[in-house]
Amino acid sequence: MAQNEELNTVAEDEVLTSYTSESTPGVAAAPAKERPPLTVSGAAVGRRKQAIARVRVIPGTGKWIVNGRELSDYFPNKLHQQEVNDPFRILELTGAYDVIARIHGGGPSGQAGALRLGVARSLNEIDVENNRPTLKKAGFLTRDARVIERKKAGLKKARKASQYSKR
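Note on numbering: residues in each chain are counted from 1, in written sequence order. Whole-chain, interface and lining totals are the exception, using all residues; otherwise, since this is a predicted model, local features are given only for residues with pLDDT of at least 70 and side-chain atom pairs are given and counted only at 80 or more. Excluding hydrogens and water, the side-chain figures rest on all heavy atoms present in the structure.

Trainee: Even after reading the chapter, I still don't get the overall build of the protein chain, so can you show me in this structure?
Mentor: The number of helices and strands found in the protein chain is 5 helices and 5 strands. For the protein chain, the sequential pattern of α-helices and β-strands runs α-β-β-β-β-α-α-β-α-α. Within the protein chain, the proportion of its 167 residues that are buried is 28%. Of the contacts formed within the protein chain by residues at least 6 apart in sequence, a portion of 70% connects residues at least 24 apart. Surface accessibility in these figures is a Shrake-Rupley result with a 1.4 Å probe; residues are shielded only by whichever protein chains are displayed. Counting every atom, the protein chain has about 12,300 Å² of accessible surface; 52% of that belongs to carbon and sulfur. Strands are runs of DSSP state E lasting at least two residues, helices are runs of H or I lasting at least four, and both sets are numbered from the N terminus onward. Relative accessibility under 20% of the residue-type maximum defines a buried residue, over 50% an exposed one, and the middle range a partly exposed one, all with a 1.4 Å probe and only protein chains included. Whether two residues touch is decided by their heavy atoms; if any such pair falls within 4.5 Å, the residues are in contact.

As structure tokens, then:
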């Protein structure tokens, strides 16, 4: 009984501290200073579904060459163009680098995803300390491992079967 009373008095005397992962209100974060793009080039491989993109990022004016064609010619869909440009946009490096890419396999969506991963990996290679945390948080360095499921014997597609009749 005496031990219980002793524990209660200790618990009452302790100061409760709560910890949060968010920054404290009122304390403004230091503004990020402008940093010039590096004069280093980078290369990487990106994969998505069946598409494979070999990407080279070199300092330049923001010109894109994909399989010998302009980006707008290769990806007429604006959504794919935007997806491919996301790593540059999030790092605020739009127009700082030229991109040369060779893509094969898959369709337009898979190729755009592969190109985005390749661009993000090559930007990560150029400046790991500054670029990696931002790219990682945005999820651009993670390979999307989802691929089409194979067809099974006795089924029409991967999972589609003919209708079952009990009688």
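Trainee: What am I meant to see in the packing of helix 3 (residues 78-91) against helix 4 (residues 108-126) here?
Mentor: The relative placement of two packed helices is expressed as an angle between their axes plus a distance between the axes. Where helix 3 meets helix 4, the closest approach of the two axes is 8 Å, and the angle between their N-to-C directions is 15°. By the angle class used here, helix 3 and helix 4 are roughly parallel. Here helix 3 and helix 4 pass one another in a crossing that is right-handed. Residue-level contacts link His80, Glu83, Val84, Asp86, Pro87, Phe88 and Leu91 of helix 3 to Pro108, Ser109, Ala112, Gly113, Leu115, Arg116, Val119, Ala120 and Leu123 of helix 4. Only Asp, Glu, Lys and Arg are considered charged, only Ala, Val, Leu, Ile, Met, Phe, Trp, Tyr, Cys and Pro nonpolar, and every remaining residue, Gly among them, polar. When its residues are assigned to classes, the contact of helix 3 with helix 4 shows 10 nonpolar, 3 polar and 3 charged. A fitted line through C-alpha atoms serves as each axis, taken over the contacting stretch for helices, and the angle formed by two N-to-C directions is quoted from 0 to 180°. By the definition adopted for this analysis, an angle is roughly parallel if under 35 degrees, roughly antiparallel if over 145, roughly perpendicular if from 65 to 115, and oblique otherwise. Throughout, a crossing is termed right-handed when the near helix is turned clockwise from the far one, and left-handed when it is turned anticlockwise from it by less than a right angle.

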